[in-house]
Structures are given as C-alpha cells and as structure tokens.
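# Structural overview for review
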Amino acid sequence: MRRFLGPLTVVLAAVLAVVVNLATSTVELPSWLDEGIWVPFALVLVAYVWVEWRRGQDEPQLPEAEQLVAAADVLARATLSQWSAQSEAWGIGTTADPVRVTWRWDHERSLPTSEVFGRTGGKVPRSRGAGRRNPAADGRGERGVVSDLHADLYRRIQRHQLVLLGPAGSGKTAAMLMLLVEAAEECVEPVLTGGHAGTPVPVWVTLGGWNPDERSLLDHVASELETTFRALRHPRYGARAARRLIDERRVALFLDGLDEMPLLGQQAALDAIAHEASGLRVVLTSQVEGYDSARAGGRLPRPVVLQLDPVGPDTAAEYLRRGHDDDRRRRFWRRIADHLHDRPDSPVAQAFATPLILSLARDAFDGPDGEAPDPAELLGLSSVAEVKAHVIGQFLERAYPTGSRPRDRRDRRRNRRHLFYLSWIAHHLRGRRDLRWWEIPTWVPYGPLSVVVAIGFGLSAAVLAGTYVAVVHGAGSDRLWTLLGAFFAVAGIAGACVRPPAPSGEEATSSSSPGGEETPPEPIGMNLRWPTRAELRTLWALGSGLPLTVGVGTGFLVGPFAGVLAALSTMVPLIFGSSVGRANVTFGLLGIWLKPLADSPASTPDGTFRADRSRTAVAVISNVVFGGVLFTLFEVVYPPQPEAWSLGPEVGLVAGMMYGIISGLGPAVLTGFTQLVLLLRGRPPIRFTALFRESLRRQVLRQAGVVYQFRHAELQDHLAAAYQRRLDAGPAPRRSTAPRGVASGDPA
C-alpha cells in the first residue's frame, strides 16, 4: 500500500485545495464547477484504489512446494541481521572480547548423558577452552564454554529442550544470544558452517509478555513472527506463512526469561512448552528458583539442563590482563590479577565472579585518556558489597563525569541531570529489570499530567481554529469565540483521555487515581496494508448501515446534499476506525493497521517510540483535515446567515482534533507531556529519548528487544539506593558535592 501513498496524497491535497478555494473564493471558478468538481475527483480516486487493489490481488505466488523454503530463508536472513547487530551492541559479537563463561551438566534436573546421546557415543565433547576446575567431570565430557555451545551441544540434540540456568547476571541471555546468532548463520550459509539445508530458523521470544491463560504458545509465536517480520505476509509465501513454518517445524524457539513471568504463569508456561512445542527445538533461560517453581506445575519431556558457572579467579585474571596497549594500565591490572591468584576467596575475587561486574570493572578503571585511577584501590575494601559499590561508582563517574574533568560547565550540568534521572528511573522500577519507556507517564501524578495534556491540546485546537477564523473572516470577527470554545472542548476530551496511573513513591499525591493500579497504554505502530476481502466486507458492513440511516433522515429534514454530508460524516469515522484504549476497543482501518510493539523482540525502544508518535500524529492530523473539509462543505452548501450560529470549518477542526485524541493519543505523546510536568514540579529539564540514547552510548543501559535494561542489576540497585538516600535526606543544597557516581541532590 505504501507505493501509492504519494499519488493518493496528491489527489487528496487537490481535493483539499478545491474545498478551501470554494470556502474562501480566492480563485473564481465557473459556476458549473460548484457542484460538478467533486465527480471527477471521486471517480479518479475510486479508479485508482480499484486498480491498486487489483494489482495487489494479482501479485505472483510461489509454487506451494517452494513457499516455506523461501519464507524460511527470508526469516533466517532477517534474524541474523537483527541479532548480529544486537550482539555487537551487547559486547559479545565477533569484534568483541567477552568474558569466558563455562557451563556444566545439571544431573539433578537433566536427563542422563547416556539417554541423550546413547551409551556408545554419549559423551558431551569438552571445548578446547574449557577450564579444568573439576578434572573428573571434564573426563566425562560434561563441561564446556558458552561460546562453543552451538558446536559442542546444540547441533547434537535435535529433539531435546536445552535449558540454561544461572543466577542473575550470570550471562544466560548473552549465552542464548550467541547461540541464536550461530544457529541463524547455519541457516543462511549451511555449506560454509557445516550444516544442512532445512535447519530450523531460531526465533527469539520474550516470555515476559506472554499470558498462557489467554493465548497458546504457538499462537503467540506466530503473532510475534507476523508482527516483527512483515515480509512473511507477502502473498508469494501463501496464507499464514508464519504459522505454517511453525507447524512444519521450520523454526526453533529461543524462549528468554521464564523466571520473569508470574509464579502461576511460570507453571502454565512450562506445561504449554512441554505439550505444544514437543516437536520443536527449544532453548529456554531461567534462574534456578524460577525453573524449579515452574517444574511444580509441568515438566519438559526431554530436558537437557546446563548450569552456568561463576567466573573463576584464573579466568577473571586472564580477562583483566589482556587487551591493554598502555604499559601503565598493564601494570595496574597485573597487580589485581596476582591478587586474584593469591587470594581466590577475597572480596574482590568474589565480586569478580559475575561476568557483568567483571566487565564493568574493566570499563570503570580503563580509558583511552590514561586518567583512570588505579584499580588497586579495590584491594583495601573489606566486603563484596563495598567492592561492587566502588566499581559501580567509578563506572558512573567515568560515564558521566561531574568533577573537573569536563571543562565545559554545560557538560557537567548535563551529566548531573542525566545521573539524577537515571536514579529516578531506577527508583520507580521497584526492582523490575525491564525499563518500558511507555510506563514513565504513570510515575507522575495524574492530576498535573491531565491538566498539562488538556492545556497542550486545547491551545493547539484554539490556535488552529482561531487562525482560520482570523484569516477568512478577519481578526475582528465575532466568530473568534471559537478560540475559547475550542480550548474548553478539546481540553476536556484530552484530560479525560489520560489514563489514570497508579500511585508511585513520593510522586503519588491525592491527585492520583484512587482506582488502584491500571495497566498503562502500550505503544502501537501502524502497518499500512490493503485489507483482505473478508476485512473489506467487515468494513462495508460497519460503514454502511448507520451512515445510510443518518443520511436518509437528514436528507428528508434538511436537504439531499446535507444528507450526503451527514452520511459521510458518519461513515468516514466508522471506516477509518478508532482505538479507544480505555475501553480496549479497536475497529475500522485503524483496527486493521494497528500493530502492537511492546512484545516485538526485533524492534528497538527508540523505534517503538517513533512509531507510536507517528501513529498519534497520523490519527490526529487526518481527523483534523477530515473535520475541516467536511464542515467546509457544510458552509459552502449552507452559507452562514448574519447573526446566526453555523457549522463552519473551525468547528470541524475542533471536532476532528477531539476525535483524533480519542483514537490516537498514545504513550509517546504522554511521555513528552510528562517531561513538562516534571519541569513544572521543579525538576530539571529532560528529554527521555536523548537520555536513553546517551545512556546506550555510554553503556549504562542496553537494549533488550523493545525495552531498556540497566547494564547490570547491581548498577540499577546502586542508582535506586542513591535516589532513596536523597529522599530520606530531604532536599539538598544546590551546590552540594555528590559522592562519585551518585546523584545526591537536584542537579543544577
């Protein structure tokens, strides 16, 4: 459908130009054009739409035997492209030098190796880089390195479910990401990678957004594929290509975060995986406690369970020593490495047992400028908590220097401001790890947010309608009352459309909604496409009955032309549709075009923000234009009488904006208004999109699908604790000096 948006825009612009000209009489037109001008425009528009629709129906379709092969190839290439870029961003790609993490066979939760591989050749091969912390276990071939997991194990198990277990921060998600990229490479280039044609394409699915009680696992995966990889909708692959790929076992499910689901959901999810995905290749990640809880309600039929090991002192020392091009830094890290060898039970060695804390320390005490402090200062600390806090504080100081190092005062102010808002965000997450940007509007009081939204949309409508009146009827026109009327009308609608958020921390006031917690609206994008024949029949049924009744009634009472306009004014909103989030109602073209973005694993947070903002703009602007055109026609056919109230274009602009707010107000726009609420409440100015982009660049945040996450749970907890200390201490002086890496007061 995108290919004819340009010509269609030209046609609609020409129609709008003629309407405006008829209303303002800027250019004199022949009298016969007053009524007949609409006929050719309507015929051209209908003919164009019909031709494009026929062209869409006549697109060539591949033979049935080739459809799934081609669809799987497209899916594999798109998966490899997206997740290769993600692995590089996470620092575990081909150009990165990640921490080496080992795994071991979990005999308590897994099938025996003899049952998995057979009694004659049933040893799991030991990787060349695997450590020898347990020689007996290594002799049985039950250890390996995560980076070699694909070659050592994944390719050898065809009908088993691979489960990766480990504590928070142990590298489960990173391990599965490396495994997925290698599996996708095998699908794209089977000859070069030693694989074979027809290898199942890995599909990443985040379990946190799935409710097993509402939708089956395979339906959820099919929906994710159709939403994320729109190419699978192409007619050449046949109908329901995504679901057919699943049914024909052409995909492998990479399920991340079983432990992030509610307890009852974990049990139902594991049971659904066991029954629905029994014929598919499955990789699952979870913390040990979450997996054990889920096993109380369901068991996988053929599990191969691996435990990820902590990073040993030798591995940590080797990681810290390599990759330095400065002799001074090599000497500093050699001292730390010697300490890890000599005192493997010291607080530093225990803190460095987590891969993410270890890599955080490298970033905190390294730097191209050579100005980083000596990491030996960690050796004098007496507890693991102190070591982690010091590493995190130094990392934040290097990421957002607030001392004398940035000579530009504006940079220092911006860094303090960003640190403050990162701690504010960590505090409001309340221990949850996924930062869903669309939840930010729920972290401010409902009252101020609704007032700001009402004023913003109300003033916009008032200025728009008032400008039209001033240009067409003169600045002294009595119809400038539209300014005040537009403000109150749109302000009331805009304020009512703000979803009441749940009370949150010190931001909760009496203005918060008393109705308890409500789910915030999620970002929605628009996938412009031609409706199917069944959808066209539904649209016709929706947009014909009521408009016909209204049009006939109005025609008898007022006149035939008024009847046509009344029918159009009813038909267009019904066909165009709406998405009323508070009532969970979607219909019309919007109901067909809208696509949920919150659970799409291949989208980015910034992409969902821009998509939702664009959808809001399309909904509001299209309705404003339609309202203005429709009410202009009323004024053309029935010119306003002196000293009589009439339906002019300015009223149509206001009505269109009100309907646009109802159908299109989304979290992206609400997040923008939230920034203004924080400013009015004495907080420093902020743009959350800029904050997130900068935090990604400085490696404080990372992307995980459509959500952000702090680089490490310890980093998030550190920032949240700093904000809580600020709340406990009360307002701090503006010129107070914050401890290194901690936002202790309002930034300048």
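What you are looking at is a predicted structure, and each value in this text was computed from that prediction instead of being measured. (Residues numbered from 1 in each chain as written. Predicted model: local features only at pLDDT ≥ 70, side-chain atom pairs only at ≥ 80, totals over all residues. Heavy atoms only, no water.)

### A few points about the pairing of strand 4 (residues 201-206)
- Counting buried residues in strand 4 gives five out of six residues, a clear majority hidden from the surface.
- Two strands pair when backbone bridges link them, and strand 4 and strand 5 (residues 251-256) are joined in this way by six bridges, in the parallel orientation. When the sheet's bridge partners are listed, Val-203 is paired in strand 5 with Leu-253. (Buried < 20%, exposed > 50% of the residue type's maximum accessible area, 1.4 Å probe, protein only. Helix = DSSP H or I, 4+ residues; strand = E, 2+ residues; numbered from the N terminus. Pairing = 2+ DSSP bridges.)

### Comments concerning the side chain of His-418
- Relative to the helices and strands, His-418 is located in helix 18 (residues 409-429).
- Contacts of His-418, omitting those with residues within four sequence positions, involve Tyr-400, Ile-686, Leu-691 and Glu-694. (Contact = heavy atoms within 4.5 Å.)

### Some points on unusual backbone geometry
- One non-glycine residue, Arg-240, adopts positive backbone phi at about 50 degrees.
- With respect to the helices and strands, Arg-240 occurs in the loop between helix 9 (217-228) and helix 10 (241-247).
- Within the chain, Arg-249 stands out as a residue other than glycine whose phi angle is a positive 60 degrees.
- The residue Arg-249 is located in the loop between helix 10 and strand 5 in this model.
- We classify Arg-249 as partly exposed; its relative accessible area is 47%.

### A closer look at the packing of helix 18 against helix 28 (residues 713-729)
- Axis separation between helix 18 and helix 28 bottoms out at 7 Å; the angle between their running directions is 95 degrees. Taken together, helix 18 and helix 28 sit at an angle that is classed as roughly perpendicular. Contacts between helix 18 and helix 28 pair Leu-419, Phe-420, Leu-422, Ser-423, Trp-424, Ala-426, His-427 and Leu-429 from the former with Gln-716, Leu-719, Ala-720, Tyr-723, Gln-724, Arg-726 and Leu-727 from the latter.
- Along the lines of polarity and charge, the residues of the contact of helix 18 with helix 28 split into ten nonpolar, four polar and one charged. (Axes fitted to C-alpha atoms, helices over the stretch in contact; angles between N-to-C directions. Parallel < 35°, antiparallel > 145°, perpendicular 65-115°, else oblique. Nonpolar A, V, L, I, M, F, W, Y, C, P; charged D, E, K, R; others polar.)

### Considering the packing of helix 13 (residues 313-321) against helix 14 (residues 327-342)
- Direction vectors running N to C along helix 13 and helix 14 enclose 175 degrees, while the axes themselves pass 9 Å from each other. For the element pair helix 13 / helix 14, the angle class is roughly antiparallel. Note on element contacts: helix 14 touches helix 13 through Trp-333, Ile-336, Ala-337, Leu-340 and His-341, opposite Pro-313, Asp-314, Ala-316, Ala-317, Leu-320 and Arg-321.
- Looking at the contact of helix 13 with helix 14 residue by residue, the classes come out as eight nonpolar, one polar and two charged.

### Re the side chain of Arg-698
- Among the structural elements, Arg-698 can be located in the loop between helix 27 (688-697) and strand 12 (701-704).
- On the accessibility criterion, Arg-698 (14% relative accessible area) is buried.
- For Arg-698, the side chain forms a polar contact with the main-chain oxygen of Ala-399, separated by 2.5 Å.
- At a separation of 3.2 Å, a polar atom in the side chain of Arg-698 contacts the side chain of Asn-415.
- If sequence neighbours within four positions are ignored, Arg-698 has contacts with Phe-395, Ala-399, Tyr-400, Pro-401, Arg-414 and Asn-415. (Polar contact = N/O pair within 3.5 Å; in protein donor to acceptor, adjacent residues only side chain to side chain.)

### Let's talk about the pattern of salt bridges
- Scanning the entire structure with this criterion turns up 16 salt bridges.
- With a shortest N-O distance of 3.1 Å, Asp-606 and Arg-610 are connected by a salt bridge. Pair noted here: Asp-606 and Arg-610 are both in helix 24 (residues 605-637), with a separation of four residues, about one helical turn.
- By relative accessible area, which is 39% here, Arg-610 ends up partly exposed. (Salt bridge = Lys/Arg side-chain N within 4 Å of Asp/Glu carboxyl O.)

### Section: the packing of aromatic side chains
- A full pass over the atoms with the stated rule returns 15 aromatic pairs.
- When the centroid spacing of 6.4 Å and the interplanar angle of 85 degrees are considered together, the rings of Trp-333 and Phe-365 count as edge-to-face. Here Trp-333 is found in helix 14, whereas its partner Phe-365 is found in helix 16 (residues 355-365), with 32 residues between them in sequence. Each member of the pair, Trp-333 together with Phe-365, is buried.
- Each ring, one from Trp-424 and one from Trp-443, has its centre 5.6 Å from the other, and the planes form 70 degrees; the classification is edge-to-face. Remark: Trp-443 occurs in the loop between helix 18 and helix 19 (446-473) and Trp-424 occurs in helix 18; sequence separation between them is 19 residues.
- By relative accessible area, which is 1% here, Trp-424 ends up buried.
- Taking the relative accessible area as the measure of exposure, Trp-443 reaches 4% and is therefore buried.
- In this structure an aromatic cluster arises from ring pairing among Phe-420, Tyr-421, Trp-424, Trp-443, Phe-688, Phe-692, Tyr-708 and Tyr-723. (Phe/Tyr/Trp six-rings, centres within 6.5 Å; stacked < 30°, edge-to-face > 60°.)

### Some points on helix 18
- Given a rise of 1.5 Å per residue, 21 residues ought to cover 30 Å, and the 31 Å separating the end C-alpha atoms of helix 18 matches this to within 8%.
- Burial within helix 18 is extensive, with 15 of its 21 residues counted as buried.
- One or two residues past the end of helix 18 sits Arg-430, with phi positive at roughly 55 degrees. (Expected span 1.5 Å × (residues − 1).)

### A few points about the confidence of the model for the chain
- Predicted confidence across the chain gives a mean pLDDT of 75, with 72% of residues reaching 70 or more.
- Taken as a whole, residues 126-140 scores under 50 in pLDDT and shows 26 contacts with residues more than four places along the chain or in a different chain.
- When the criterion is pLDDT under 50, residues 733-748 qualifies, and its contacts beyond four places in sequence or with other chains add up to 36 contacts. (pLDDT = per-residue confidence, 0-100.)

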